[in-house]
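# Examining the three-dimensional arrangement
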Amino acid sequence: MDLLAESTELANDLIALRRKLHAIPEVGLQLPVTQQALLAEIESLGLEITTGTAVSSITAVLRGGKNPGDGPVVLLRGDMDALPVVEKTGEPFAPARDSAHGDAMHACGHDLHMSGLVGAARLLTAHRDELPGDVVFMFQPGEEGFDGASYMLDEGILDAAGRRVDAAYGLHVFSGYFAKGQVTARPGPLMAASGGLHVRVIGAGGHGSAPHSSKDPIPAAAEMVGALQTLVTRTINVFDPVVITVGSFHAGTKRNIIPDEAVFEATVRSFSKSNAEQIATDAVRLCESIGAAYGLTVEATFEGEYPLTVNNDAEYEFAATTARELLGADRFAELADPLTGSEDFSRVLDEVPGAYLFVGAPKLDLAVSATNHSPLAAFDDSVIPDCAALLAELAVRRLNRG
Ligand SMILES: [Zn+2]
């Protein structure tokens, strides 16, 4: 079978599907319009389809014709959700501003992921008699901070075929960073673990002219912001980095009023389990201790968001070889460093071995192309047939590997 050639035959359909999905972006865990559009695409393929209970996910199982009820199981994943961004690309298929979808945008390219996964389902279905195992298609809502993958894991996605998934693959497109059609990834840590630090410093308000008769929360909170950076440089191994960014800081109303409290939030990124655990504990202790030093009450909590996204070494090598042999040796290069973004496909890769790949899809010249999440992020959807073929090829080869 020549999946790349067969995928090229589907190009018009897949690009049209991507543009249709692009016009109906939905944010979060409930994506009913997107879900219906996808169901209409795959219902004629003869897959075993179930939809999520808690979220608007779709699980579709393709039964291979060889070794029925036996053989390996491969999972392919595509995320479905958009972002609360008002699109400014000027694309003719951008959501209509006055429609129900006008305040959202597929600014992270998940519309290309869905179209690519539908393409893989069509390619694999055409060859079902030759497949020595089953394929689970995971259409997942709520990747953008809603932990949609966890809901699908709770609802049994990894056992959807009646036996455990043996390997899982997914890919992510980028409107910047990587040249069009370039595929890249790395073994081991690929994307950061993320967490959020939430701090409330409680003092006692008063007149700005008389700080001695109040308890000013602002200087202590400001000290915490600075000390968090010192905590990183003095306690974290420089070769295993941690990023802390205080992205929100609120206190007070007027220059001569000492407020009752100051509140700030930080995002925290790390690249090892040990650092993720260490910083979660130490950042909270640091803020509490600084508050205590000034006689203030501090409510500090750390919430883990997504774990580290880790490519299994063997599955990474397999995926890299597959990409090189399918698309050409010059189309795949190993990524030097992980990305500081995070991703809930990490939940799947925590449970089963697999690999996650990045695909360059900038529509404009790399030097000027806006990155994912920008209202100007423009994706070249001519990469979709390659994405579909790559996902399908990974499944076929992995099933045949046994
Ligand atoms: Zn994304």
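Residues numbered from 1 in each chain as written. Predicted model: local features only at pLDDT ≥ 70, side-chain atom pairs only at ≥ 80, totals over all residues. Heavy atoms only, no water.

In this section: the domain arrangement of the protein chain. The domains assigned to the protein chain are domain 1 (3-191 + 308-401) and domain 2 (193-304). Each of domain 1 and domain 2 has a C-alpha centre, and these two points are 38 Å apart. Both sides together, the interface formed by domain 1 and domain 2 hides about 600 Å², and carbon and sulfur atoms give 61% of it. When the buried surface of domain 1 facing domain 2 is broken down by residue, L308, T340 and S342 rank first, second and third, together holding 71% of it. (Domains from an automatic or database assignment. Buried area = accessible area lost by both parts, 1.4 Å probe.)

This part is about the environment of Y177. Within the secondary structure, Y177 sits in the loop between β5 (167-174) and β6 (183-185). The sequence separation of Y177 and A161 amounts to 16 residues, and the corresponding C-alpha distance is 36 Å. With sequence-adjacent residues up to four places away left out, Y177 is seen in contact with L366 and T371. (Helix = DSSP H or I, 4+ residues; strand = E, 2+ residues; numbered from the N terminus. Contact = heavy atoms within 4.5 Å.)

Interaxial distance between helix α8 (residues 313-327) and helix α10 (residues 384-401) falls to 10 Å at its minimum, and their mutual angle equals 125°. Relative to α10, the element α8 lies oblique. Seen from above, α8 lies across α10 with right-handed handedness. Note on element contacts: α10 touches α8 through D386, A389, L390, E393, L394, R397, R398 and R401, opposite E315, F318, A319, T321, T322, A323, E325, L326 and L327. (Axes fitted to C-alpha atoms, helices over the stretch in contact; angles between N-to-C directions. Parallel < 35°, antiparallel > 145°, perpendicular 65-115°, else oblique. Left-handed = near helix turned anticlockwise from the far one by under 90°.)

Okay, the side chain of Q140 next. Take Q140: it is sitting in strand β4 (residues 134-140). A distance of 2.9 Å separates polar atoms of two side chains, one belonging to Q140 and the other to D344. Discounting chain neighbours no more than four positions away, the residues touching Q140 are R77, G78, D79, M80, D81, G148, A149, M152 and D344. (Polar contact = N/O pair within 3.5 Å; in protein donor to acceptor, adjacent residues only side chain to side chain.)

Taken in spatial order, the eight strands make up an open sheet running β1-β2-β4-β3-β5-β16-β6-β15, and their pairing is mixed. Edge strands, defined here as strands with exactly one partner in the open sheet, are β1 (48-51) and β15 (332-334). Within the sheet, the average angular offset between the axes of one strand and its neighbour, ignoring direction, is 20°. Pairing analysis gives four bridges linking β1 to strand β2 (residues 58-63), with the strands arranged antiparallel. Paired with T51 across the bridge in β2 is I58. With respect to the sheet, helix α3 (residues 32-42) is in contact with β1, β2 and β4, its orientation differing from that of β2 by roughly 15°. (Pairing = 2+ DSSP bridges.)

This part covers α3. Three or more residues of α3 are buried, namely T34, Q35, A37, L38, L39 and I42. Structurally, α3 contributes buried residues whose contacts are with α2 (11-22), β1, β2, α4 (110-126) and β4. (Buried < 20%, exposed > 50% of the residue type's maximum accessible area, 1.4 Å probe, protein only.)

Bringing the nonpolar core into the picture now. Counting residues in each nonpolar core, the largest one holds 92 residues, and the members touching the most others are L75, L76, L124, F137, F139, L357 and F358. Counting residues per element, this core draws most heavily on α10, at eleven residues. If sequence neighbours within four positions are ignored, L76 has contacts with L117, A120, L124, V135, V136, F137, M138, Y169, L391 and A395. (Core = buried A, V, L, I, M, F, W, Y, C linked by side-chain atoms within 4.5 Å.)

With distances of 2.1 to 2.4 Å, the protein atoms coordinating the zinc ion are C108 (SG), H110 (NE2) and H172 (NE2). Sequence positions of the donors to the zinc ion reduce to the motif C-x1-H-x61-H. Within this pair, whereas H110 is found in helix α4, its partner H172 is found in strand β5, the two being separated by 62 residues in sequence. (Donors = N, O, S within 2.8 Å, 3.2 Å for Na, K, Ca; no water.)

Once that is clear, we can look at unusual backbone geometry. For N67, which is not a glycine, the phi torsion comes out positive at approximately 50°. You can see N67 is positioned in the loop between β2 and β3 (73-79). Look at N67 and you get partly exposed, because its relative accessible area is 40%. Despite not being glycine, H373 shows a phi value in the positive range, around 85°. Within the secondary structure, H373 is located in the loop between β16 (354-360) and α10. Overall, H373 belongs to the partly exposed group, its relative accessible area being 38%.

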